[in-house]
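# Reading the structure
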Amino acid sequence: MSKNKNNQAIWKERISKDTSLIFKKFGSSLNVDKRLFKEDIMGSIVHVEMLFKQKIIPFKIKNKIIWGLNKIQNEIVKKKFIFNNDHEDIHMSIEKRLFEIIGKDAGFIHTGRSRNDQVITDFKLWLRKSTKKIIKNLESTIKIILQNAEKNVETVMPGFTHLKNAQPISFAHYMLAYVEMFQRDKKRFIYNLENLMENPLGVGALSGTSFNIDREYTTKKLGFNYPTKNSIDTVSDRDFVVDFLYAVSLTAVHISRLAEEFIVWNSDGFKLITLKDKIVTGSSIMPQKKNPDPLEFLRGKTGNAFGNLFSMLTILKGLPVSYFKDLQDDKDLVFKSYDQLKNSLIILNEILKNFAVNKKRMLELANDGYITATDLADHIVKELKYPFREAYKVTAKIVNYAEKKNKRLDELTMNELKKIESRLKENVLNVFDLKNAIRSKKSYGGTSFMNIQKMIKKYKKEIK
Ligand code: ARG
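We now turn to the structure provided with this report.

The rules behind the values
- Residues numbered from 1 in each chain as written.
- Predicted model: local features only at pLDDT ≥ 70, side-chain atom pairs only at ≥ 80, totals over all residues.
- Heavy atoms only, no water.
- Phe/Tyr/Trp six-rings, centres within 6.5 Å; stacked < 30°, edge-to-face > 60°.
- Helix = DSSP H or I, 4+ residues; strand = E, 2+ residues; numbered from the N terminus.
- Buried < 20%, exposed > 50% of the residue type's maximum accessible area, 1.4 Å probe, protein only.
- Lys NZ or Arg CZ within 6 Å of the ring centre and 35° of its normal.
- Core = buried A, V, L, I, M, F, W, Y, C linked by side-chain atoms within 4.5 Å.
- Contact = heavy atoms within 4.5 Å.
- Near = heavy atom within 4 Å.
- Polar contact = N/O pair within 3.5 Å; in protein donor to acceptor, adjacent residues only side chain to side chain.
- Areas by Shrake-Rupley, 256 points an atom, 1.4 Å probe, with all protein chains shown as cover.
- Axes fitted to C-alpha atoms, helices over the stretch in contact; angles between N-to-C directions.
- Left-handed = near helix turned anticlockwise from the far one by under 90°.
- Nonpolar A, V, L, I, M, F, W, Y, C, P; charged D, E, K, R; others polar.
- Pairing = 2+ DSSP bridges.

### Focus on the packing of aromatic side chains
By the definition in use, this model includes 17 aromatic pairs. Between the aromatic rings of Phe 52 and Phe 59, the centroid separation amounts to 5.4 Å while the plane-to-plane angle is 55°, which identifies the pairing as tilted. Ring centres 6.4 Å apart and planes at 40° place the aromatic pair Tyr 178 and Phe 182 in the tilted group. Of this pair, Tyr 178 and Phe 182 both sit in helix H7 (residues 171–195), separated by 4 residues, roughly a single helical turn. With respect to burial, Tyr 178 and Phe 182 carry one shared label: buried. When the ring centre of Phe 224 is taken as reference, the NZ or CZ atom of Arg 128 above it lies at 4.8 Å.

### Quick look at the nonpolar core
Of all hydrophobic cores here, the largest spans 108 residues; its most connected members are Tyr 174, Phe 262 and Trp 265. In terms of residues, this core owes the most to one element, helix H10 (residues 239–266), which gives 15 residues. In this view, Trp 265 contacts Met 157, Phe 160, Phe 171, Tyr 174, Phe 270, Lys 271, Leu 272 and Ile 273; residues no more than four positions away in its chain are not counted. If you look at the next biggest cluster of nonpolar residues, it comprises 20 residues, including Ala 402, Leu 412, Leu 417 and Val 428.

### Thoughts on the site of the ligand
Around the ligand, a shell composed of Ser 29, Asp 89, Arg 115, Asn 116, Val 119, Tyr 323, Gln 328 and Lys 331 is seen. Between Asn 116 and the ligand, the recorded distance is 2.9 Å, taken from a side-chain N or O atom to a nitrogen atom. The contact in question runs from an oxygen atom of the ligand to an N or O atom on the side chain of Tyr 323, over 2.5 Å. In isolation the ligand has 350 Å² of accessible area, and contact with the protein removes 85% of it. When residues of the shell around the ligand are assigned to their parent elements, the largest contribution, 3 residues, is made by helix H6 (residues 115–151).

### Structural notes on the packing of helix H4 (residues 59–77) against helix H5 (residues 90–102)
Contact geometry for H4 and H5: axes closest at 9 Å, N-to-C directions at 115°. As H4 packs across H5, the resulting crossing turns out to be right-handed. For the pair H4 and H5, contact is made by Lys 64, Ile 65, Trp 67, Gly 68, Leu 69, Lys 71, Ile 72 and Glu 75 and by Ile 94, Arg 97, Leu 98, Ile 101 and Ile 102, respectively. Of the residues in the contact of H4 with H5, the class split is 8 nonpolar, 1 polar and 4 charged.

### So, the pairing of strand E1 (residues 156–161)
Pairing between E1 and strand E2 (residues 164–170): 6 bridges, direction antiparallel. The residue of E2 that forms the bridge with Pro 158 is Pro 168. Hairpin connection from E1 to E2: 2 residues lie between these consecutive antiparallel strands, with His 162 at a positive phi of about 55°.

The structure is reproduced here in structure tokens:
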């Protein structure tokens, strides 16, 4: 593209002076929104097809414009297109290039359209495509978690509350908790897809257009479900951006919580899992180190997702309805959040495929901390018909005794137990077996091995 008249702003007849260089530089979004080029060209082609169908532009001009747009798409794909930062954004760049290729007839392209509806159309098309990609990525994460769960149904570990041993659980049950989280994330993205199915094209700058356009036609051709219903709201609305950024943020929270837990479990204090060499890094001074950097990276990056969400909310909070330049930043925020989440999910998948479960150590730790105390209390309720609060007191006495004697609950003799609660019978000893404790949690959603098997089956059917 030569430095000629075509570099001049479209509004040069009205605004005689060139925009200050500093503002041109500051205000150009081209480097960011050039990612929308395919959607922009697609939207423009459908727009001119509709203009022709409605007899607003002649057949020849429609064909010329579409030919030019296809040529531009080809140039961009083949990296032959020169992105000139004198042009404010991707929409202006493409329009300017169209003038270079087909001449004055390019001027028909913007009939009955504004950049305000154009940009939201492009953006929604892009978000639709990208949301579907995120959903696919979430599904592959869920599948990998399910594979981990399947291999660990009978792997006993301590379940924690306050990071203190609470009740024994299956490691698979823990993993399946994250399936639930990622399924909810998926639902949030799917919910937003519904908002993304409303077609903004045709609302013009803010009030609609006097041309006899056919919005149903562009809706169908661009794969939307229905046209938006209020032109002012349409050019102002960025709820679908906030919803997307929120869905990304909460997914990032779930990834971060998993990362934090894995960091703790991989630590020398816990040693419940071991990260394989592929997903650790060394230290520049301490030769023995294998650090969980990728997990820390996932945890740390979460803040960026929140930042993008809060930036968008802040942009919107004091903005009167209709279009304002403040809105231009929406794309930068979304692209950053999208890229980060996509990478995070790929990294997470890699981690989930490259760690070992230290079953022996899990069992050892699960035997610590009087972890079957609740099971003992439940046993006393069932066998001796005590109210739970009474059973709780008896159990606490037994735990205190064991602690004083430096014994685990399963190391206490029948005699010792009977000294505290004479009515206890031999069958109490079964309660201290960790697998029995897990098996007994048969309530729906509980950790019993049977429940877990059923849940894995159910998830696998859902995901396929
Ligand atoms: N680059 C602009 C954006 O992304 C396009 C819309 C421009 N509209 C306008 N009235 N200046 O928001």
